[in-house]
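Reading the structure
Below are the chains, spelled out letter by letter.
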Amino acid sequence: MRTDTPQTIYRKDYTPPSYLVDTVELGFDLDPARTVVANRLTMRRNPDSAQREIELYGENLELVALRMNGKTLGESDYRIEGSLLTIPNAPEEATLEIETVCAPELNTTLNGLYTSNGSFYTQCEAEGFRAITYFPDRPDVMAKYTVMLRADKEKYPVLLSNGNLIEEGDLGDGRHYAKWEDPFKKPSYLFALVAARLVCQEEKFKLADGREALLQVWVEEGNLDKTDYAMQSLKNSIRWDEERWGLELDLDRFMIVAVGDFNMGAMENKGLNIFNTKFVLANPRVATDVDFQGIEAVVGHEYFHNWTGNRVTCRDWFQLSLKEGLTVFRDQEFSADMVGTESGRAVGRIDQVRTLRQAQFPEDAGPMAHPVRPDSFVEINNFYTVTVYEKGAEVVRMYQTLLGREGFRKGMDLYFERHDEQAVTCDDFRRAMADANGRDLSQFEHWYSQAGTPVVRAETRYDEIAKTYTLTLFQSCPATPGQSSKFPFHIPVAVGLLGADGRDMPLVIDGQERGTTAVLELTAAQQSFVFENVQEQPTPSILRDFSAPVVLDYNYGDADLLHLFSHDSDPVNRWEAGQRLAMGRLLKLTGEVGVGASLLLDDTFLMAMGKMLSDESLDPAFREQCLLLPSETMVAEQIEVVNPLSIHLARQFVRANIGTRLREELLAQYHANQTPGEYSPDALSIGKRALKNLCLAYLTAAQDEEGLRLAQEQFDNAGNMTDRVAAVSALLHARAPNVDQVLQRFYDEFEDEALVVDKWFAMQASSATTDVSGVRALMRHPAFNLRNPNRARSLVSSFCANNPVQFHAPDGSGYAFWAEQVITLDALNPQVASRLARAMDRWRRYTPELQEHMKKALQQVAGQQRLSNDVREVVGKALAN
Ligand code: B3K
Ligand code: ZN
């Protein structure tokens, strides 16, 4: 917690470390109140640095002893300024011995070494290692670690750290020890330890080269009935990385540990991944389909980091997307390959597009906008963003789109060949892609250096006589903080042309046959592409498979969209046509709600939706995606002056209309998509449940009696959490008369399952039926606990981010609540507080009255004397001009 003005760190100021570390030996005497850490590190001067001082970072540590080459250093031999400890005039080679003390049980930040439910866990990325011991805590210092853990045997029977267990035994005094050695050099952010009372599911797994690895999933007692899916996902990940990329597990042992108090999803510590329980624990009774999918993706993601992140790491934190964008891309491809069908792949792709529009585009247009490779930050933890992760993954995907799968693989191979066990930059990655393919990718750099979502405007012209179709593309990019004008990007635009019969036309450009989807390369501000031999006026399908993270501006008429919605061979653009049809209606109705006209929804739209709903030649999962309306947030992003209530009413009106006017089709599909028998999280069953439950949601939105009865029946008889949650939220959103009883029964049945209780809070917090006082009442519930990040997010963040109508209550009470919670949370856990603070990012887009209240709330937070750098950066940027 600081009171001084936070310091901005710039990418351009990077200098290499003054000293390199070869080995680190850590000794821990673990005690919740007073843990003693002995750290012995061998260092040598870095030939690439002119500096002669040793620089170590440490935070919230009591320094007990400091020796260099056997000699105790006195206060005049070193300086401590803030978190920086400097030893001037250090010799060429130095062995440092550092003893410090910390208090894990008082550490509510969950950064560094902390306790959760009485056991010890660590989180070091990005800069948590300095809260454990003094160290050159920066990712370009890679060293070999040996770790000795000592702790009470009864309380902490399991002692884990990175790499291989080389020794364990009794210390005689009720304590025991374990010694771990990590054979690979690693940056300090990948260090981890666990000392806990845990049990594990384990298995020997044969690797491609014939070696056997021991795989373990560690959980608290009572949770061994929820580890199968994580274990299966881990095995699938290992196999997939071997098969798709030729990358093998480099350790004899790989562990996953689940912990209930955790700031994010999971952490890729070398050989010892630590996970939020949310991304490990699952069985049909307690986890939804979305939870199962999340586990597969996150287990994959952390495992894939072993190569993209750990073996090849980041030179500095500005390069974060080097590992995160790439690893998200890899986990997306993994999930797609696990589904295995083209249609399944498209459904996954649609989810990705949704995330970009729902969260990344708004970020890119708001006060926290930053390039995929940021130029500056105050607090690096604020930059684990959808831009660095999801837009970063899009940037990686564009290489694959431009170079083809094979070319991309060649680039990956060269990247590992060049940079194994190094700390490198995004430029190094781009260079590997370019060199492996003999391509000039210099313009591609702008995807890393420029913030903002590019807009690609399209114009088309059909020449009936010449039989040519000309597509002219214009690109531009809005100004973002610190970047007023932009250079053109290198944008792959995948295009197809549909004939009147709905079929793809063969494409010919410059006399060259280009199949039925051509990847056009837009590199200038304006560029024309001429398709030849076009026998009739086509309907263009532009940006197929969402080939670039841009906004496509093309003046589609309803007729074009209906044609694409019925026929486009590209499922993503087929879905997109439906989204455009729906968005047009939502925007128009939102305007009309405001003027109080009586609302109408046209038959054309409803018929198109009805036809899609009942088209049994299509996967249920795909139909569900097509029937789902753009969210209130997405609609808000299209509007100059946002009034959340009008958007909500318009969207509710459309939902209810679908429910009423497609009633028979919805009921039919509800019954046709049941998944009787044993629960299975396979893609087909997941799709059926999703479609069936969307039908239920529409029917109940229309207050349909049969729909409400079915929801109640589904709640009573559900054999899995997906159906149960869907039933509860349908009843909740429809304000069904007995919903309180239903919620109580749900709670009573699952009160011992923390992750289900989170769902219980989250469902209520994000329902428009829950206002601020309702949320305050829920905060007084005995199960509520602001210190547990999952719980805090389930109630407080869900309300502020997912309940726009109530959060934006006209009297400003939602914002006052927000300010209060940000301030309280900040004193406990700045990372969680800072995420919550971002709920106010888009405040300048609301009506003047709402803006006034929002500004006041922001100023109230910004005016706090004591505020973390995390929150100060977020609210400071929100208020800046
Ligand atoms: N690398 C971690 C995120 C660390 C966040 C630090 N505030 C999880 C992941 O992306 O895999
Ligand atoms: Zn990651």
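The name given to the chain in an unreviewed UniProt entry is Aminopeptidase N, with Massilia haematophila as the source organism. Listed under Catalytic activity (unreviewed entry) in UniProt, the entry text for the chain is "Release of an N-terminal amino acid, Xaa-|-Yaa- from a peptide, amide or arylamide. Xaa is preferably Ala, but may be most amino acids including Pro (slow action). When a terminal hydrophobic residue is followed by a prolyl residue, the two may be released as an intact Xaa-Pro dipeptide." The UniProt entry for the chain carries the following text under Sequence similarities (unreviewed entry): "Belongs to the peptidase M1 family."

Our next topic: the overall build of the chain. Assigned secondary structure in the chain consists of 26 helices and 34 strands. Taken against the 2.2 N^0.38 rule, which gives 29 Å for 881 residues, the C-alpha radius of gyration of the chain at 28 Å falls within 12% of a compact globule. Seen along its three principal axes, the alpha-carbon backbone of the chain occupies a region of about 85 × 65 × 60 Å. Partitioning the intrachain contacts of the chain with sequence separation of at least 6 by distance along the chain shows that 70% fall at a separation of at least 24. A total accessible area of about 33,700 Å² is found for the chain, and carbon and sulfur atoms account for 48% of it.

Ordered by their spatial adjacency, three strands build an open sheet running β4-β8-β7, and the pairing between neighbours is antiparallel. Single-partner strands in this sheet number two, and they are β4 (54-57) and β7 (79-81). Between one strand and the next, the sheet's axes are offset by a mean angle of 20°, whatever the strand orientation. Of the pairings in the sheet, the one linking β7 to strand β8 (residues 84-87) comprises three bridges and is antiparallel in character. Of the residues in β8, the one forming a bridge with Arg79 is Thr86.

Spatial ordering of the open sheet is given by β18-β19-β20-β22-β21, a layout of five strands whose pairing is mixed. Strand pairing shows two members of the sheet lacking a second neighbour, β18 (199-206) and β21 (266-267), which therefore form its edges. Bridge analysis of strand β20 (residues 253-259) against strand β22 (residues 272-276) gives five bridges, and the strand direction is parallel. Bridging across to β22, Ile256 finds its partner in Asn273. Relative to β22, helix α2 (residues 289-304) is tilted by about 150°, and along the sheet it contacts β20, β21 and β22.

This brings us to the site of ligand 1. Near ligand 1, the surroundings consist of 14 residues, among which Glu125, Glu268, Glu302, Asn381 and Tyr389 are the closest. Taking Glu268, its side chain carries an N or O atom lying 2.8 Å from a nitrogen atom of ligand 1. In this structure, an oxygen atom belonging to ligand 1 sits 2.5 Å away from a side-chain N or O atom of Tyr389. Elements with a contribution of two residues or more to the shell around ligand 1: β21, α2 and α3 (320-339). Residue classes in the shell around ligand 1 are distributed as five nonpolar, four polar and five charged.

Here the residue pair Glu125 and Ala126 is connected by a cis peptide bond, since its omega of 0° sits within 30 degrees of zero. Here Ala126 is to be found in the loop between β11 (119-123) and β12 (142-152). The phi torsion at Asn117 lies on the positive side, around 50°, for a residue other than glycine. On the secondary structure map, Asn117 appears in the loop between β10 (112-116) and β11. The class for Asn117 is exposed, based on a relative accessible area of 61%. The phi angle at Phe546 is positive, at roughly 50°, despite the residue not being glycine. Locating Phe546 in the fold gives a position in the loop between β33 (539-542) and β34 (551-553).

The next thing to look at is the coordination of the zinc ion (ligand 2). At 1.9 to 2.0 Å from the zinc ion (ligand 2) lie its protein donor atoms, namely His301 (NE2), His305 (NE2) and Glu324 (OE). Read in sequence order, the donor residues for the zinc ion (ligand 2) give the motif H-x3-H-x18-E. Linking His301 in helix α2 with Glu324 in helix α3, this pair joins segments that are 23 residues apart in sequence. Here His301 matches Glu324 in class, with each residue buried.

Right, let's get into the pattern of salt bridges. This model, assessed by the stated rule, comprises 75 salt bridges. Arg44 is paired through a salt bridge with Asp22; the nearest N and O atoms lie 2.9 Å apart. With Arg44 in strand β3 (residues 35-45) and Asp22 in strand β2 (residues 19-29), the pair connects residues that are 22 residues apart, well separated along the chain. Of the charged contacts, one joins Glu363 and Arg838 as a salt bridge, the two residues approaching to 2.8 Å between their closest N and O atoms. In this pair, Glu363 sits in helix α4 (residues 342-364) while Arg838 sits in the loop between α24 (830-837) and α25 (848-862), placing the two residues 475 residues apart along the sequence.

Structurally, Arg651 is set in helix α13 (residues 644-661). At 4.4 Å, Glu632 is the nearest oppositely charged side chain to Arg651, a buried residue that forms no salt bridge. Among residues more than four places away in sequence, those in contact with Arg651 are Leu586, Leu629, Pro630, Ser631 and Glu632.

Now for the UniProt feature "domain: Peptidase M1 alanyl aminopeptidase C-terminal" (unreviewed entry) in the chain. In the numbering adopted here, UniProt assigns the feature "domain: Peptidase M1 alanyl aminopeptidase C-terminal" (unreviewed entry) to residues 558-880. Helix makes up 72% of residues 558-880 and strand 0%. Its end C-alpha atoms lie 41 Å apart.

Turning to helix α14 (residues 663-672), its buried residues number three or more, namely Leu666, Leu667, Gln669 and Tyr670. Along the axis of α14, the buried positions cluster into a sector of 165°, meaning they face one direction only. In this structure, the buried residues of α14 make contact with α10 (603-614), α11 (620-627), α13, α15 (683-701) and α16 (705-717).

Here the focus is the environment of His176. Relative to the assigned elements, His176 resides in strand β15 (residues 175-181). What His176 contacts, discounting residues up to four positions off in sequence, is Leu149, Arg150, Ala151, Asp152, Lys153, Tyr156, Pro157, Leu159, Gly169, Asp170 and Leu171. There is a polar contact of 2.8 Å between the side chain of His176 and the backbone oxygen of Tyr156.

Before going further, it helps to spend a moment on the state of the cysteines. Following the criterion strictly, the structure yields zero disulfides and no others. You can see Cys314 has no disulfide; the closest cysteine sulfur is in Cys426, sitting 7.3 Å from it. Judged by its relative accessible area of 0%, Cys314 falls in the buried class.

The next point concerns the packing of α14 against α15. Close contact between α14 and α15 brings their axes to 8 Å; oriented N to C, the two are set at 145°. Crossing of α14 against α15: the hand is left-handed. In this structure, α14 contributes Arg663, Leu666, Leu667, Gln669 and Tyr670 to the contact, and α15 contributes Leu691, Lys692, Cys695, Leu696, Tyr698 and Leu699. Here the residues of the contact of α14 with α15 sort into eight nonpolar, one polar and two charged.

Within the sequence span of helix α20 (residues 772-779), burial applies to Val772, Val775 and Leu778. One side of α20 carries all its buried residues, which in axial view fall inside an arc of 120°. At its buried positions, α20 is contacted by α19 (754-765), α21 (789-802), α22 (804-807) and α23 (813-828).

Parameters and conventions
Residues numbered from 1 in each chain as written. Chains lettered and ligands numbered in written order. Predicted model: local features only at pLDDT ≥ 70, side-chain atom pairs only at ≥ 80, totals over all residues. Heavy atoms only, no water. UniProt positions renumbered as here; feature names shortened; annotations may be inferred. Helix = DSSP H or I, 4+ residues; strand = E, 2+ residues; numbered from the N terminus. Rg over C-alpha atoms; globule rule 2.2 N^0.38 Å. Contact = heavy atoms within 4.5 Å. Areas by Shrake-Rupley, 256 points an atom, 1.4 Å probe, with all protein chains shown as cover. Pairing = 2+ DSSP bridges. Axes fitted to C-alpha atoms, helices over the stretch in contact; angles between N-to-C directions. Near = heavy atom within 4 Å. Polar contact = N/O pair within 3.5 Å; in protein donor to acceptor, adjacent residues only side chain to side chain. Nonpolar A, V, L, I, M, F, W, Y, C, P; charged D, E, K, R; others polar. Buried < 20%, exposed > 50% of the residue type's maximum accessible area, 1.4 Å probe, protein only. Donors = N, O, S within 2.8 Å, 3.2 Å for Na, K, Ca; no water. Salt bridge = Lys/Arg side-chain N within 4 Å of Asp/Glu carboxyl O. Lys, Arg positive; Asp, Glu negative; His and termini not counted. Arc of directions from axis to C-beta. Disulfide = S-S within 2.5 Å. Left-handed = near helix turned anticlockwise from the far one by under 90°.

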